[in-house]
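# Per-entry structural report
Single-letter residue listing:
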Amino acid sequence: MGRSPCLEQGKVSFPATTSQIVPPAVDMYGLSAHFMANRATHFKPSSIGPLQAYLDAQLLPAFGNRAVGDLTPADIATWFHSYYRHRPGGANQSLGHFTTILNWGKTEGHLPHDLPNPASPLRKNRTNARGRMLNFDQIRRLARILDQASDRHWLPAQAIRLCLLTGCRKSEILSLRWSDVKPTRLVLREAKTGPREVMLSAPAREAVAKLKARTGHRAFVFPSAKSTSGHLMSIAGSWSAIRTKAGLPPDIRLHDMRHTYASHAILAGESLPTTGKRLGHASPRTTERYAHLDGSALAKAADKVAKEIARMMAD
């Protein structure tokens, strides 16, 4: 049967068809393909790889052939709790990726803008953050060992120092070119979450100046004749030796220099959004994971606040 005509101000017209009102159903495979193609133009392959792994291992096998608009909270909950029993952290990550992809799809017009998120009733389970923060005594001990580094470990020691002074990732520091080092900042052209600039503090500028005297004639700040990339790729051996000499626990990772930078920035009164911007975080929730506060620092802060309140009460 044909469409029933209707009168509109004396004219015969036909109502819009369903396909004109509701966009065609998009399955998870199609939406994810559009999302990953978009991400490929903004992020490094090293950042996209883990996301693709979560898609391939979990989200696409579970929901790939399903129309996104047909997914229900029960569907998401059944998958999430099954996955969580084996890998709590992975389940949390995958749940976040699902929401990110769905929200992107609505913003870009692949999905209806008012489509409910079937994952919204779920809450990520709390997991212990892996990162560790060095306390004040540990930082002092590490600094002494970095200052005393032999020629064999000198370049890796300076890389560790810059990681601690800037909060940058190891890969961001090791791949630095001298053309990316400006008087007051580092220009990270291939950072994990996209290009960004990192301001250099006075101690960081001093460390860069010492490196300039040593490697300023080379293309890379941390050159390596043995690496096909032209720069140091791994400093695990040097980090192990330096960590041992500094008396740090064996489970302290080089990446914990980044945790330490962020946590002490927060302790010093810097806001989470500002710290997150410094670190190049795409999500505020990522920054919150770095806020591991040192007990001794908290005690001093509490004592300072209490004394100030007592002073005000006495006035």
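Nothing here was measured: the structure is a model prediction, and the numbers come from that model.

### Examining the confidence of the model for the protein
Considering every residue of the protein, the mean pLDDT works out to 80; 72% of them sit at 70 or more. Long-range and interchain partners of residues 1-22, a stretch whose pLDDT sits below 50, account for 14 contacts in this model, where long-range means more than four residues apart.

### Examining the pairing of strand β4 (residues 196-199)
Regular strands place side chains that alternate from one sheet face to the opposite one. Judged by which residues are buried, β4 turns out to be one-sided: R196 and V198 face inward and are buried, whereas E197 and M199, on the alternate face, are not. Note: strand β3 (residues 185-188) against β4, four bridges, orientation antiparallel. Following the sheet pairing, L188 is matched in β4 by R196.

### Regarding the nonpolar core
Grouped together as the largest cluster of nonpolar side chains are 38 residues, with contacts concentrated most on L142, I173, F222 and M257. Elements that contribute at least two residues to this core include exactly α6 (136-147), α7 (151-166), α8 (170-174), β3, α9 (202-215) and α10 (236-245). Take this core: its biggest share by element is eight residues, from α7. Among all residues touching L142, those that are not within four sequence positions of it are L134, L164, W239, I242, A246, L248 and M257. Core analysis: the next-biggest nonpolar cluster, separate from the first, contains 28 residues, L60, L71, A91 and L102 among them.

### Some remarks on helix α2 (residues 28-39)
If you check α2, its first and last C-alpha atoms are 16 Å apart, about what twelve residues at 1.5 Å a residue would give, namely 16 Å. Of the residues making up α2, those classed as buried are M28, L31, S32, F35 and M36. The buried residues of α2 occupy one face: seen down the axis, they fall within an arc of 130°.

### Observations concerning the pattern of salt bridges
Opposite charge on two side chains allows them to pair when their charged atoms are near. Counted under the stated rule, the structure contains seven salt bridges. A salt bridge links R169 to E172; the nearest nitrogen and oxygen atoms lie 2.7 Å apart. By relative accessible area, which is 12% here, R169 ends up buried. Residue E172 is classed as buried on the basis of its relative accessible area of 5%. Residues K210 and E206 are paired through a salt bridge, measuring 3.9 Å at the closest nitrogen-oxygen approach. In this pair, K210 and E206 both sit in helix α9, four residues apart, roughly one turn of the helix. K210 gets classed as partly exposed once you look at its relative accessible area, which sits at 47%.

### Some remarks on the side chain of Q138
Here Q138 is to be found in helix α6. If near-sequence neighbours (up to four positions away) are discounted, Q138 is found in contact with M133, L248 and P249.

### Some thoughts on the packing of aromatic side chains
The way to describe two aromatic rings as a pair is by their centre distance and the angle between their planes. Taken as a whole, this structure holds six aromatic pairs when the rule is applied. On the basis of an interplanar angle of 70° and a centroid distance of 5.6 Å, the ring pair of F63 and W79 is categorised as edge-to-face. Of the two residues, F63 is situated in helix α3 (residues 45-63) and W79 in helix α4 (residues 73-84); the sequence distance between them amounts to 16 residues. By the burial criterion, F63 is buried, and W79 matches it.

Conventions adopted
- Residues numbered from 1 in each chain as written.
- Predicted model: local features only at pLDDT ≥ 70, side-chain atom pairs only at ≥ 80, totals over all residues.
- Heavy atoms only, no water.
- pLDDT = per-residue confidence, 0-100.
- Contact = heavy atoms within 4.5 Å.
- Buried < 20%, exposed > 50% of the residue type's maximum accessible area, 1.4 Å probe, protein only.
- Helix = DSSP H or I, 4+ residues; strand = E, 2+ residues; numbered from the N terminus.
- Pairing = 2+ DSSP bridges.
- Core = buried A, V, L, I, M, F, W, Y, C linked by side-chain atoms within 4.5 Å.
- Expected span 1.5 Å × (residues − 1).
- Arc of directions from axis to C-beta.
- Salt bridge = Lys/Arg side-chain N within 4 Å of Asp/Glu carboxyl O.
- Phe/Tyr/Trp six-rings, centres within 6.5 Å; stacked < 30°, edge-to-face > 60°.

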